[in-house]
Amino acid sequence: MRKPIIAGNWKMNLKIAEGVALVEALKPLVADVDNVEVVVCPMFTALDAVAKAAAGSNVQVGAQNAYVKASGAYTGEISPQFLQDAGCAWVIIGHSERRHILGETDALLNEKLRFALAAGMKVMFCIGELLEERKGGLMNDVIRRQVVEGLKGLTAADLANVVLAYEPVWAIGTGETASPEQAEEVHVFTRALVAELFGADAAAAIRIQYGGSVKADNAAELFSKENVDGFLVGGAALKADSFAAIVKAAR
Ligand code: 13P
């Protein structure tokens with residue numbers, strides 16, 4: 001059985017006090033939820049304070065990006081080691097906003113993934129096609145490339161600390177959600193790819209989140225699909241009650 005994992009990607013939102021207040025409000029709402037992993041991913045500036053607020057609760061903390069060196073002359077970057085110092089166990093790597101706005105390549109994301117894992121972090125690794133890629137019949141090619149290139153050099157054992165997040169770019173922040181059938185189709189394809197690359201056991205164990213306009217009112221339907229193991233939530237994660245409702249839909 002795969003334990004569901006619901007993560008809130010706060011993106012570039014919520015000041016320190018707002019993030020702390022959200023976690024303080026969230027803690028009692030999810031206090032009795034022990035069969036779902038719950039993660040919040042604030043901006044770097046709020047990580048330390050949010051991690052302190054979350055300490056001792058079942059809310060875990062993640063970052064949204066990490067670099068491929070531990071320390072040194074890398075102006076503006078932050079390493080897994082410093083994220084861990086701020087109380088962070090998880091990191092999101094390969095979000096479509098980093099791929100498409102910041103220009104991060106498959107090769108760099110693979111390096112980031114391997115470096116974060118080597119540092120002992122758990123990683124949510126994002127994949128997903130653009131609308132024009134889907135329309136052009138390239139969806140499976142894109143997913144295959146992102147998985148093959150992204151997971152290059154990993155072992156089946158490494159995958160115990162990796163969660164895949166399927167986030168169709170056309171569904172992010174648009175209010176347009178993939179249908180449960182569309183999500184399941186890509187999750188099945190992705191799991192089969194993991195089986196091909198790492199074997200059946202690793203494929204059966206790896207968790208695949210869906211992300212893209214997940215809300216309290218569509219989460220249960222998406223989660224009912226066999227291969228949807230949780231969510232990576234953007235907008236609806238910015239309020240404790242809507243995020244908690246999504247957690248409860250996966251309970
Ligand atoms: P929205 O839930 O706002 O569509 O964002 C999804 C996302 O990108 C999570 O990483």
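So, how was this worked out
Residues numbered from 1 in each chain as written. Predicted model: local features only at pLDDT ≥ 70, side-chain atom pairs only at ≥ 80, totals over all residues. Heavy atoms only, no water. Helix = DSSP H or I, 4+ residues; strand = E, 2+ residues; numbered from the N terminus. Polar contact = N/O pair within 3.5 Å; in protein donor to acceptor, adjacent residues only side chain to side chain. Contact = heavy atoms within 4.5 Å. Phe/Tyr/Trp six-rings, centres within 6.5 Å; stacked < 30°, edge-to-face > 60°. Buried < 20%, exposed > 50% of the residue type's maximum accessible area, 1.4 Å probe, protein only. Pairing = 2+ DSSP bridges. Axes fitted to C-alpha atoms, helices over the stretch in contact; angles between N-to-C directions. Salt bridge = Lys/Arg side-chain N within 4 Å of Asp/Glu carboxyl O. Expected span 1.5 Å × (residues − 1).

Student: Any chance you could explain the side chain of Arg207 here in plain terms?
Tutor: Within the fold, Arg207 resides in strand 7 (residues 207-211). One polar contact links Arg207 to Glu37, side chain to side chain, over a distance of 2.6 Å. Not counting residues within four places of it along the chain, the set of residues in contact with Arg207 comprises Arg2, Lys3, Pro4, Ile5, Glu37, Trp90, Val163, Leu164 and Asp229.

Student: Looking at this model, I keep getting lost on the packing of aromatic side chains. Mind explaining?
Tutor: For any pair of aromatic rings, geometry is given as the distance between the ring centres together with the angle between the planes. According to the stated counting rule, one finds 3 aromatic pairs in the structure shown. Arranged with centres 5.4 Å apart and planes meeting at 50°, the rings of Tyr67 and Tyr74 form a pair that is tilted. Exposure remark for Tyr74: the relative accessible area of 33% places this residue in the partly exposed category.

Student: Would you mind going over the sheet that holds strand 1 (residues 5-9) with me for this structure?
Tutor: Overall, parallel pairing links the 8 strands, which are arranged 1-2-3-4-5-6-7-8 in a closed barrel. Averaged over all neighbouring strand pairs, the angle between strand axes comes to 25°, with direction disregarded. Pairing geometry for strand 3 (residues 59-63) and strand 4 (residues 90-93), over 2 bridges, is parallel. Bridge pairing links Gly62 to Trp90 in strand 4. Packed onto the sheet, helix 2 (residues 44-54) meets strand 2 (37-41) and strand 3 and runs at close to 165° relative to strand 3.

Student: Would you mind going over the pattern of salt bridges with me for this structure?
Tutor: Should the charged atoms of two oppositely charged side chains come close, the side chains can pair. All told, the structure shown has 15 salt bridges when counted by the stated rule. Residue Glu24 is joined to Lys27 by a salt bridge in which the shortest nitrogen-to-oxygen separation is 3.2 Å. Of this pair, Glu24 and Lys27 both sit in helix 1 (residues 16-30), 3 residues apart, which is roughly one turn of the helix. Taking the relative accessible area as the measure of exposure, Glu24 reaches 39% and is therefore partly exposed. The residue Asp229 makes a salt bridge to Arg191 at a minimum N-O spacing of 2.7 Å. You can see Asp229 sitting in the loop between helix 10 (216-223) and strand 8 (230-233) and its partner Arg191 sitting in helix 8 (residues 180-198), a full 38 residues away along the chain. Exposure remark for Asp229: the relative accessible area of 5% places this residue in the buried category.

Student: What exactly am I supposed to notice about helix 7 (residues 139-150) here?
Tutor: One turn of an α-helix holds 3.6 residues; hence residues three or four places apart share an orientation. Helix length check: helix 7 (12 residues) gives 16 Å between terminal C-alpha atoms against 16 Å at 1.5 Å per residue, within 8%. Each element contacted by the buried residues of helix 7 is listed here: helix 4 (96-100), helix 5 (106-118), strand 5 (122-127), helix 6 (131-135), strand 6 (162-166) and helix 8.

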